[in-house]
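Examination of the molecular architecture
Below, each chain spelled out in residue letters.
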Amino acid sequence: MPKPIAEKVALLRREKTEVPVIYIGAGTCGMVAGAADTLQIVRNYLDDHRLKAEIVEVGCIGLCSAEPILDVQLPGKTRISFKNITAEKVYTVLDGAFNNNYEPEDVLGQFAAPALVPWEGVPFIHELPFFKNQKRLVLENCGVINPSNIEEYIARGGYRSYVKALMNYTGEEICDIIELSGLRGRGGGGFSTGKKWKIARNTQSDQKYLICNADESDPGAFMDRALIEGDPHRLIEGIAIAAYAIGASQAFIYIRAEYKRALESLKVALQQAKEYGLTGPNVYDSGVNLYISLKVGSGAFVCGEETALINNIEGKRGTPIPKPPYPAVRGLFGHPTVVNNVETLANVPLIINHGPAWFNNIGTETSKGTKVFAVTGKTQLTGLVEVEMGTTFRTLIYDIAGGIKDFKDFKALQIGGPSGACLGSPCLDLPIDYESLTKEGAMMGSGGLVVMDEHTCMVDTARYFMNFLQKESCGKCIPCREGTRRMFEILDSITKKPSDDNRHETLERFKGVMMLEELAEVVAETSLCGLGQTAPNPVISTLKYFREEFEEHIFERKCRANVCKGLRTFFIEIEKCTGCTVCFRKCPVSAIIGTQRSPHFIIQEKCIGCGICYDSCKFNAITIH
Amino acid sequence: MLFTIEVNGQQITARRGETILECLLRNGIKVPTLCHMDGYSPTGACRICVVEVEGRNELIPSCSHPVEEWMKIKTHSPKVIRARKANVELLLSNHPDECLYCERNGSCELQNLAFDLNIRERRLNGQKHEYKKDYASPAILRDPSKCILCGRCVRLCETEQEVGAIDFYGRGNTMMIGTSYNHCLSIKNCHNCGQCVLVCPTGALYERQHIPKVQELLHKPEARVLAHLSPTVAASVASAFGLRSGKDLAGLIAAALLKIGFFKVYDTSAAIDIHIMENAALLKKRLEAGENFPLFSSCCPAWVHYFETFYPHMLKHLSPVLSPMQIMGSMLKKNSGTEAANNLVVGIMPCTAKKHEMQRPEMYKGTGMLTDAVLTTRELINLIKLHGVDLENIDPVLPNAPYHVRSTAARLYGVSGGAAEAIARTLFFMLTGQELEPIRISELRNGNLRREVKIKAGKTQIGFVAVSTIKEARKLMDEILGGRRDIHFVEVMACPGGCINGGGQPIGADEKDLKLRVKSLYETDERENIRVAHKSPLVNEFYQKQFEYPGSPTACEFFHKAKNQA
C-alpha cells in the first residue's frame with residue numbers, strides 16, 4: 001500500500017487521529033435516551049473551550065440500556081466509552097477525559113487498539129461480559145464506524161466482497177457458495193438462502209427482482225433498524241451481491257415509514273454508493289447493472305409477509321396471496337423475485353469474503369452463523385446481542401444480558417415476535433437454532449426476545465399478543481380474521497369477572513374456553529399466510545408451559561401476578577387507613593366511600609380493578625387479593 | 001399431460017397445471033367453497049375448500065394449489081371436516097342472526113354450508129358488527145354486517161366490469177367492503193349492473209324491492225296495472241319452479257300475473273320491435289350522412305350510465321332511442337287514449353339497472369314516469385309464490401292484445417349479439433329492400449365477450465360489434481378512440497353474455513342454465529315465421545296509423561330521449 005493511502009486508511013480506521021474525536025451513539029435508541037441534547041452540549045463545550053475536535057454520530061453499539069453513549073478518542077490514546085451521558089453530565093465527563101481523567105462509574109470501557117496507549121484501569125470493551133460472550137460478525141461495525149461515511153466502511157474492508165464477487169465469480173457460483181455456507185433466512189422461516197436464490201436464478205425471465213425486507217414490525221424487535229442505522233453499507237453490499245447472484249438489475253428495499261433515521265441513513269448511503277460507482281449501469285465495467293430503490297411501507301405488520309410485501313410494492317392492498325407460485329418463481333410484477341431479510345443480506349458479504357467453509361464452521365449442525373437478537377424486557381442490560389447459533393438462552397440472558405432485573409426470578413421468554421412463542425424456564429438450556437425452537441413450538445422469527453420475570457401474567461401476555469395479531473391481521477382469510485379475534489375475545493373474557501350474568505356471560509366464557517385449543521389448531525392449520533399460521537403460537541405455547549395459570553384464571557378467577565385488572569380485588573385495611581381521602585378523590589368510578597379522618601371502604605360491585613387507589617395510597621393501607 | 005393421484009384411497013386422473021379443486025370436481029368429488037369463482041384467479045380467502053395432503057402439516061386450499069404427482073389427498077377426513085366446520089362457525093359467530101328475515105333465506109350459501117357441515121350448536125359467540133345498511137342506490141342495496149368478505153363482488157366489479165365501485169378497506173376484524181371513502185353505493189360510483197348480487201353468497205347485496213310498490217299499485221282503486229314481460233325473463237324462471245331449465249314460460253307467467261290481479265299482461269318484445277326499427281332507421285340515416293360512427297346501442301341502462309359518465313364528449317354516438325322497457329311505458333302511458341291516466345306500468349326485467357333507469361329525470365315525459373315499477377326475475381318468482389299461484393295447475397294464456405304480436409328478432413335481445421343481429425336484419429332490408437340471407441348471423445352468435453361481423457349491403461360494408469361486460473366495452477372504446485373506423489354499430493350489454501345473465505336473474509344459475517336459456521331464445525327464432533321486426537304486423541300497423549315512418553318526428557317524440565337532455 002502506498003504511504004499516503006496507508007495513512008488515509010489508518011485515519012479512516014481510527015488507528016490514529018490528529019484531533020480528538022468524540023463519538024456519540026445517535027441511533028434511535030440513543031436519541032430516545034437523550035443523545036440529541038448530549039450532542040448539542042458537546043458542541044457547546046467545544047465552542048466554550050475553543051477546542052478543535054471531530055464529532056462523529058455513530059449507530060447503536062448494542063447496549064441500548066447504556067445510551068446515550070459518548071466515546072472520546074484523544075490523539076495517541078485509545079477510544080474510551082462513557083455510558084448514560086445525558087446532557088448534564090457532558091461537561092464533567094469531557095473535562096475529565098481531556099485531562100486524562102474519568103469517574104469510574106461513568107465508564108463503559110475502552111476499545112483495544114495495538115498502536116495506541118490504553119487508559120489505565122479501564123476494562124476493554126470486548127472483555128466485558130456483555131460483549132465477551134457474543135460473536136459480533138454482522139454487528140461488527142455498528143456503533144463503531146461513522147455510518148454516513150462510505151470511506152470508513154471501505155477502509156474496514158467494505159465492498160471488497162462485492163468487487164470480489166463481480167470479478168471472480170459467476171452468479172451461479174455465488175449461489176453455490178451461499179448454499180454451501182448453510183446460510184438460512186433470518187426473517188423467520190429459515191429457508192436456505194442459496195436454494196432460494198437458485199430457484200430465482202434458474203427461472204427464465206427477462207427481468208428479476210431482489211427485495212430486501214426491512215419492514216420490521218414485531219413488538220420489541222429492532223435488529224434491522226440498528227443495523228441499517230449503524231452500518232447501512234453492509235446491507236447495500238449484501239443486496240448488490242444477491243442481485244448479481246440471481247441476475248436482478250433492480251432491487252428494492254422495503255422499509256417501514258416509522259424508521260425515520262434508518263431511512264435517512266439508507267438514503268445517504270445509497271447516494272454515496274451511487275457516487276462511488278457501486279450501483280448504476282455497468283458497475284466497474286463488469287456489464288452488471290444495479291439499481292436500488294427505496295419503498296416506504298405504511299406500517300402494516302402483514303406487509304412483512306413476502307407476498308403481501310410484493311403486492312404492496314406493486315401498489316396494491318398489502319394482502320398475501322396463496323403460494324405456490326412462490327415469489328422466486330413468480331413474484332413482483334409476475335417476475336422471479338427473491339425476498340430476503342436485512343440480516344440475511346448483511347451476512348452475505350462476510351461469506352463471500354471469508355468463504356463458505358468459514359461460515360459453515362460457525363454455529364450448529366443445521367443452523368450456521370450467528371443470530372442477532374433484540375433483548376428487551378426484565379433483564380439488567382437490554383440491547384442488541386449477536387450470538388453464535390447453538391448458544392443457550394441461559395448464556396444469553398444471564399451471561400450477556402446480566403440476568404433478571406432486581407434479582408427477581410425468570411419466568412418466561414418470548415421469542416419470534418408476536419406470533420412466536422412464550423417459553424418457560426425448562427427451555428433456558430435450549431440451544432438457539434432453528435430446529436430446537438421449532439420442536440418447542442417456537443420459531444426463530446426475526447429476533448425479538450422479550451424476557452419476563454415473575455411479575456408477568458402469562459394469560460395477559462397471550463392476550464396482549466392476540467390483540468396485536470387480531471388488529472394486524474389483514475382480514476383476508478377467515479381463520480385469521482375471525483379466529484384471532486375470537487381467541488382474543490376468549491382470552492379477554494378470562495381476564496375479567498362477569499359484569500352481569502343476564503347474557504349468560506359465564507356460560508359463554510366456558511364455551512369459549514373449551515373452544516380455545518381447537519380454534520388455535522384450526523387457525524394454524526388453515527390460515528393463508530405465515531401470520532395466521534403462527535398466530536395461535538402465543539396461546540398454544542403459554543398453554544403448554546403455563547397451563548396452571550390459565551386454570552387459575554378460569555376456575556378461581558385469580559391472577560397470581562396481579563396483572564389482570566379485571567380479576568383484582570382491593571381492600572382497605574381499617575387499621576392503616578388514616579382517612580386522608582386521596583383514594584376517594586382519585587377513584588375514577590367513585591367506588592370508594594368514607595369521611596375525612598375515618599377509614600374508607602371500597603364498594604366491590606363498583607370497583608373496576610384499575611389500581612389507582614393502590615398506587616396513590618401513601619400509607620400502604622390498600623391490599624390486593 | 002395426465003397422471004394419477006390418490007384421493008380418499010382411490011386413484012383418479014389429474015391434468016398437469018390444474019388446481020386440486022378442478023381435478024376433484026372433474027372426478028365428481030364435491031368440495032365446498034365460499035370464495036371460488038370459475039374463471040378467476042384464486043384468492044384462497046375462505047379456506048373452506050381445504051384438503052389434507054399427506055406429508056403436509058397444514059391443510060392445503062384446493063382452489064389455489066396446483067395438483068402434483070406425489071399427492072395423496074383426503075377430502076373429507078376428520079381433520080378437514082373439523083377445520084371446515086370451525087371456519088364456518090367462525091363466520092357464524094359474528095353473523096347477524098337474521099336468517100329468517102333475510103333476503104337470501106333458503107338460497108344462502110353460508111346457510112347451506114352450515115347445514116351441510118352439520119352445525120347445530122353455537123359454540124362460539126363473537127362480538128357482532130353493527131354496520132349501517134346502505135340504502136342509497138336506486139337498484140342495489142347493501143347490508144355490510146351480513147358480508148363474509150369472500151371478495152367475490154370486489155373481484156367481479158374490478159376485473160370483469162372494471163368499474164371498481166367497491167373494494168376492501170380496513171384490516172383485521174374491522175375489514176369491510178365499501179365504496180370509496182365509505183360513501184354510499186350510488187349512481188355516482190356504481191352502474192347498477194347487479195352482477196355483484198349474483199355472486200354474493202349471502203344477503204349482503206340485494207336489489208331494491210319493488211314488490212311492496214307493485215302490491216300497493218295493485219290495490220289502488222281504478223288503477224289499471226299493466227305488466228309487460230321481457231322474453232328473457234320468460235326463458236329464465238323455469239328452474240325456480242322445478243321445471244326444465246330454459247323452458248319458455250311466457251304463457252304461464254302471463255296467466256299467473258293475471259291471476260295476481262294485473263289488468264293486462266303484455267310482451268315487451270313488441271317494444272323491442274319498435275326499438276329495432278328506430279335504431280335501424282337511425283343507422284340508415286347516419287349511413288347516408290356518413291357521420292357519427294359508430295352508433296352505440298342504448299338498450300342496456302348500465303352501459304348507458306357508464307357511457308355518460310366516462311365518455312361525455314361522445315354522447316352524440318349514443319343512440320337516443322329509449323330502451324324497450326321505456327318504449328313500452330311510453331306507448332302504454334301516452335298511446336292508450338282516455339284511460340291512459342289510470343295506466344300504471346310494471347316492467348318485468350332480468351335487470352337491476354332498469355330500476356335506476358325508470359327514475360332517471362329524462363324518463364319523465366309529460367304525464368309522469370313511463371314505468372312505475374320494475375320487477376326483476378327474482379322478484380317475479382317471489383311475487384308468484386307470494387300470491388300462491390301454482391304454475392303447474394294453470395293454463396298458459398297469450399299476452400294481451402295489442403302487444404302480443406312480435407317478431408322473433410325481438411327475442412334475440414336477451415343474448416349478447418342479439419340486438420346487433422336484429423338491427424342488422426332490418427337495416428339490411430331498409431338499405432337494399434331485400435331480406436338478409438342467410439338471416440342467421442352466426443358470427444354474432446358464437447364467441448365470448450366480443451362478437452364482430454361485417455355485413456355487405458349493396459356497396460356499403462357495415463361493421464357490427466357486440467360486446468358484453470363493461471371491461472370488454474372499455475377495451476373496444478379504447479380501440480375506437482385510438483382510431484378504429486370500420487365499426488358502424490356497437491351493441492353493449494353490461495352483463496357477461498347479455499341479459500340472460502342479467503343482474504336480476506335467479507341466483508345460482510350455472511353455465512349450463514345460461515346455455516339452455518340462450519338455446520330457448522335461439523330456437524324460437526328458428527321455429528317461427530316472422531323473423532324480422534319490419535315484418536311484424538303490429539309494428540307496421542303502428543307506423544301506418546300513427547308514427548308514419550321510423551324516425552319520424554312523432555316517433556321521435558314517443559321513442560327517443562328528449563333532445564335537450566342527455
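It should be emphasised that the depicted structure is a prediction, and the values quoted were computed from it without experimental measurement.

Moving on, we get to the overall build of chain B. Assigned secondary structure in chain B consists of 18 helices and 19 strands. Here the C-alpha atoms of chain B give a radius of gyration of 25 Å, agreeing with the 24 Å that 2.2 N^0.38 yields for 566 residues. The buried share of chain B, reckoned over its 566 residues, is 51%. Long-range contacts, defined as pairs at least 24 residues apart, comprise 72% of the intrachain contacts of chain B with a sequence gap of at least 6.

A few words on the overall build of chain A. Regarding its fold elements, chain A presents 25 helices and 18 strands. Relative to a compact globule of 625 residues, whose C-alpha radius of gyration would be 25 Å, chain A shows 27 Å and is just as compact. The principal-axis extents of the C-alpha atoms in chain A amount to approximately 85 × 65 × 40 Å. The 625 residues of chain A split such that 52% are buried. Long-range contacts, defined as pairs at least 24 residues apart, comprise 72% of the intrachain contacts of chain A with a sequence gap of at least 6.

Moving on to the sheet that holds strand β2 (residues 54-58) of chain A. Residue and element names in this part refer to chain A. Pairing is mixed in the open sheet, where five strands are placed in the order β2-β1-β3-β4-β5. The open sheet has two edge strands with one neighbour each: β2 and β5 (107-110). Pairs of neighbouring strands in the sheet enclose a mean axial angle of 20°, with direction left out of account. By the bridge criterion, four bridges tie strand β1 (residues 21-25) to strand β3 (residues 70-73) in an arrangement that is antiparallel. From the neighbouring strand, isoleucine 22 faces β3, where its bridge partner is valine 72.

Note: interface size is frequently given as the accessible area lost on complex formation between the parts. Taken domain by domain, chain A consists of domain 1 (11-125), domain 2 (158-360), domain 3 (370-456), domain 4 (459-556) and domain 5 (570-624). When each unit is reduced to the centre of its C-alpha atoms, the spacing between domain 3 of chain A and domain 5 of chain A is 39 Å.

Our focus in this paragraph is the sheet that holds strand β4 (residues 60-61) of chain B. All names here are of chain B. Strand order in this open sheet of five strands is β2-β1-β5-β3-β4, and the pairing throughout is mixed. Two strands close off the open sheet at either side, each with one partner strand: β2 (10-15) and β4. In the packing of helix α2 (residues 78-93) onto the sheet, contacts are made with β3 (50-53) and β5 (72-74), and the angle to β3 comes to roughly 155°.

Listed per partner, the contact involves 31 residues of chain A and 31 residues of chain B. Listing elements by their share of the side of chain A that touches chain B, those giving two or more residues are α18 (458-472), α19 (478-494) and α20 (505-526) of chain A. With nine residues, the single largest contributor to the side of chain A that touches chain B is α20 of chain A. Looking at the side of chain A that touches chain B residue by residue, the classes come out as 11 nonpolar, seven polar and 13 charged.

This paragraph deals with the nonpolar core. Residues and elements named next belong to chain A. One finds Ile239 and Ala242 to be the most contacted residues of the largest nonpolar core, which totals 346 residues. Look past the residues within four positions of alanine 242 in its chain and what remains in contact with it is Trp197, Leu210, Val338, Asn340, Leu345 and Val348. Phe570, Cys587, Ala591 and Cys613 belong to the second-largest nonpolar core, a separate cluster that totals 10 residues.

This part takes up the packing of helix α11 (residues 232-246) of chain A against helix α12 (residues 260-275) of chain A. Residue and element names in this part refer to chain A. Where α11 contacts α12, the two axes come as close as 9 Å, and the packing angle between them is 55°. Taken as axis vectors, α11 and α12 run oblique relative to one another. The hand of the α11/α12 crossing is right-handed. On α12, the residues touching Pro232, His233 and Ile236 of α11 are Ser265, Leu266, Ala269, Leu270 and Ala273. Residues of the contact of α11 with α12, tallied by class, amount to six nonpolar, two polar and no charged.

Our next topic: the confidence of the model for chain B. Residue-level pLDDT values for chain B average 91, and 98% of them are 70 or greater. Both scores are given for the predicted complex: the pTM is 0.91, the ipTM 0.90.

With that settled, the discussion passes to the domain arrangement of chain B. Residues and elements named next belong to chain B. Looking at the assigned domains, one finds that chain B contains domain 1 (2-76), domain 2 (120-206) and domain 3 (212-559). Tallying the contact residues gives 15 residues for domain 2 and 21 residues for domain 3. If one sorts the elements of the side of domain 2 that touches domain 3 by residue count, helix α5 (residues 195-199) sits on top with three residues. Considering only residue class, the side of domain 2 that touches domain 3 consists of eight nonpolar, five polar and two charged.

Residue and element names in this part refer to chain A. Note that isoleucine 593 resides in strand β16 (residues 592-593). Spatially, the C-alpha atom of isoleucine 593 lies 7.6 Å from that of isoleucine 603, the residues being 10 residues apart in sequence. Residues within four places of isoleucine 593 in sequence aside, it is in contact with His600, Phe601 and Ile603.

Let us look at helix α9 (residues 193-202) of chain A. Turn by turn, an α-helix covers 3.6 residues, leaving residues three or four places apart pointing in a common direction. Of all 10 residues making up α9 of chain A, seven are buried, and the element is well covered by its neighbours. Within the sequence span of α9 of chain A, burial applies to Thr193, Gly194, Lys196, Trp197, Lys198, Ala200 and Arg201 of chain A.

All names here are of chain A. Look at helix α3 (residues 35-48) against helix α4 (residues 90-98): their axes get within 10 Å of each other, and the N-to-C directions meet at 50°. On the basis of the axis angle, α3 is oblique to α4. α3 and α4 meet at a crossing whose hand is right-handed. Contact residues: α3 offers Thr38, Ile41, Val42 and Tyr45, while α4 offers Val90, Tyr91 and Leu94. In terms of residue class, the contact of α3 with α4 is built from six nonpolar, one polar and no charged.

The rules we used
Residues numbered from 1 in each chain as written. Chains lettered and ligands numbered in written order. Predicted model: local features only at pLDDT ≥ 70, side-chain atom pairs only at ≥ 80, totals over all residues. Helix = DSSP H or I, 4+ residues; strand = E, 2+ residues; numbered from the N terminus. Rg over C-alpha atoms; globule rule 2.2 N^0.38 Å. Buried ≥ 20, exposed ≤ 12 C-beta atoms within 10 Å, placed from the backbone. Contact = placed C-beta atoms within 7 Å. Pairing = 2+ DSSP bridges. Axes fitted to C-alpha atoms, helices over the stretch in contact; angles between N-to-C directions. Domains from an automatic or database assignment. Nonpolar A, V, L, I, M, F, W, Y, C, P; charged D, E, K, R; others polar. Core = buried A, V, L, I, M, F, W, Y, C linked by C-beta atoms within 7 Å. Parallel < 35°, antiparallel > 145°, perpendicular 65-115°, else oblique. Left-handed = near helix turned anticlockwise from the far one by under 90°. pLDDT = per-residue confidence, 0-100.

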